[in-house]
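This is what each chain is made of:
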Amino acid sequence: SQQGEEDPQALSIQEGENATMNCSYKTSINNLQWYRQNSGRGLVHLILIRSNEREKHSGRLRVTLDTSKKSSSLLITASRAADTASYFCATDATGRRALTFGSGTRLQVQP
Amino acid sequence: DSGVTQTPKHLITATGQRVTLRCSPRSGDLSVYWYQQSLDQGLQFLIQYYNGEERAKGNILERFSAQQFPDLHSELNLSSLELGDSALYFCASSPKSGGTDTGELFFGEGSRLTVL
């Protein structure tokens, strides 16, 4: 079963715009991670935020975590065509030994 | 390049057959995870091994089995294949055991299985 659900399922923006993706989950977590997947390729880790953190930055990425609402958001600023990919949140739920992935957001950045 | 190697990249076989997918983790990583990605089910966790021992089991069918060898490479065996087993199978590795804190996973490029 999937712990995280991303919203929106698909997002199309113009180059230079910001992209925001949201993730909701159901149980308590140790950490939440975001991954990117180019079409048919392997997943690439982007960023990890621990349950006691509220915000984290990495380059053009900004992740927030609200454990009271069981939600996270990923913001990609100044998007580029190369950011076109699917983005997945993954939760490391308390008591589980493996990451549970959401259904993903397909981001299309138009040049 | 994540450092995780999966073979074969593509595999086409018939229903009822058996296949073996192979994964070599990143150098030094003791944990290997197997995930299945299909259009209707998304990314599903199958099984995890740590230093040769099974550590966690997810939605793995009884027709599927896996093992991790002393050199830390892992194999996923899929038998009595059905059309619905067509999917991308990913292996991921991690230096952590996945107990109280699963860190970053490093994914291979996947093995695309097509069952006809």
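In short, a report on the structure.

Calculation rules
Within every chain, residues take consecutive numbers counted from 1 along the sequence as written. For this description, chains carry letters from A and ligands carry numbers from 1, given in the order in which they are written. Where local features are concerned, this predicted model is filtered to residues with pLDDT of at least 70; where side-chain atom pairs are given and counted, the filter is 80 or more; whole-chain, interface and lining totals use all residues. By convention in this description, side-chain values take in all heavy atoms of the structure and omit both hydrogens and water. By the convention used here, strands pair only if DSSP detects at least 2 bridges between them. Strands here are runs of E lasting at least two residues and helices are runs of H or I lasting at least four, both read from the DSSP assignment and numbered beginning at the N terminus. For helices, the fitted axis covers only the stretch in contact; all axes are lines through C-alpha atoms, and the angles between them, taken along N-to-C directions, range from 0 to 180 degrees. Only Phe, Tyr and Trp rings are paired, with Trp represented by its six-membered ring, and only when their centres lie within 6.5 Å; those with planes under 30 degrees apart are stacked, over 60 edge-to-face, the remainder tilted. When accessible area is computed with a 1.4 Å probe and restricted to protein chains, residues below 20% of their type maximum are described as buried, those above 50% as exposed, and intermediate ones as partly exposed. The criterion is that NZ of a Lys, or CZ of an Arg, lies within 6 Å of the ring centre and within 35 degrees of the ring normal, and then a charge sits over that ring. Should any heavy atoms of two residues lie within 4.5 Å, those residues are counted as being in contact. Buried area counts how much accessible surface, traced with a 1.4 Å probe, disappears from two parts once they are put together, with both parts' losses summed. One speaks of a salt bridge when a side-chain nitrogen belonging to Lys or Arg is within 4 Å of a carboxyl oxygen belonging to Asp or Glu.

### Some words on the sheet that holds strand 8 (residues 71–76) of chain A
All names here are of chain A.
Line of reasoning, step 1. Spatial strand order, 1-3-8-7-6: five strands in an open sheet with antiparallel pairing. The outermost strands of the open sheet, each flanked by one partner alone, are strand 1 (5–7) and strand 6 (55–58). For this sheet, the mean angle separating the axes of adjacent strands, direction not counted, is 20°.
Line of reasoning, step 2. With three bridges joining them, strand 1 and strand 3 (residues 19–24) adopt antiparallel strand pairing. Residue E6 lies in a different strand from strand 3, and its bridge partner there is C23.

### Some details on the environment of S24 of chain A
Line of reasoning, step 1. On the secondary structure map, S24 of chain A appears in strand 3.
Line of reasoning, step 2. Sequence separation of S24 of chain A and E5 of chain A is 19 residues, and the distance between their C-alpha atoms is 5.3 Å.

### Quick word on the packing of aromatic side chains
Line of reasoning, step 1. A complete count under the given rule lists nine aromatic pairs over all chains for this structure.
Line of reasoning, step 2. Judged by centre distance (5.3 Å) and plane angle (90°), the ring pair of F101 of chain A and Y35 of chain B falls under edge-to-face. Of this pair, F101 of chain A sits in strand 10 (residues 100–101) while Y35 of chain B is found in strand 4 (residues 31–38), placing the two residues in two different chains. Of the two residues, F101 of chain A and Y35 of chain B, both sit in the buried class.
Line of reasoning, step 3. Each residue in the set Y35 and F101 of chain A together with Y33, Y35, F45, F90 and F107 of chain B is aromatic and connected to the rest through ring pairs, giving one cluster.
Line of reasoning, step 4. Sitting over the ring of F106 of chain B, R26 of chain B keeps its end group 3.5 Å from the ring centre.

### Re the pairing of strand 7 (residues 61–66) of chain A
All names here are of chain A.
Line of reasoning, step 1. Of the pairings in the sheet, the one linking strand 6 to strand 7 comprises four bridges and is antiparallel in character. Bridging from a neighbouring strand, E55 pairs with T64 of strand 7.
Line of reasoning, step 2. Hairpin connection of strand 6 to strand 7: two residues between the antiparallel strands, including G59 at a positive phi of 60°.
Line of reasoning, step 3. In this sheet, strand 8 lies alongside strand 7 in antiparallel orientation, the contact comprising six bridges. By the bridge assignment, V63 is partnered in strand 8 with L74.

### So, the interface of chain A and chain B
Line of reasoning, step 1. Chain A puts 21 residues into the contact, and the matching count from chain B is 28 residues.
Line of reasoning, step 2. Summed over both sides, the interface of chain A with chain B buries roughly 1,800 Å², with 45% coming from carbon and sulfur.
Line of reasoning, step 3. The largest share of the area that chain A buries against chain B comes from L43, R97 and F101 of chain A, three residues that together contribute 32% of it.
Line of reasoning, step 4. Scanning the region where chain A abuts chain B turns up one salt bridge.

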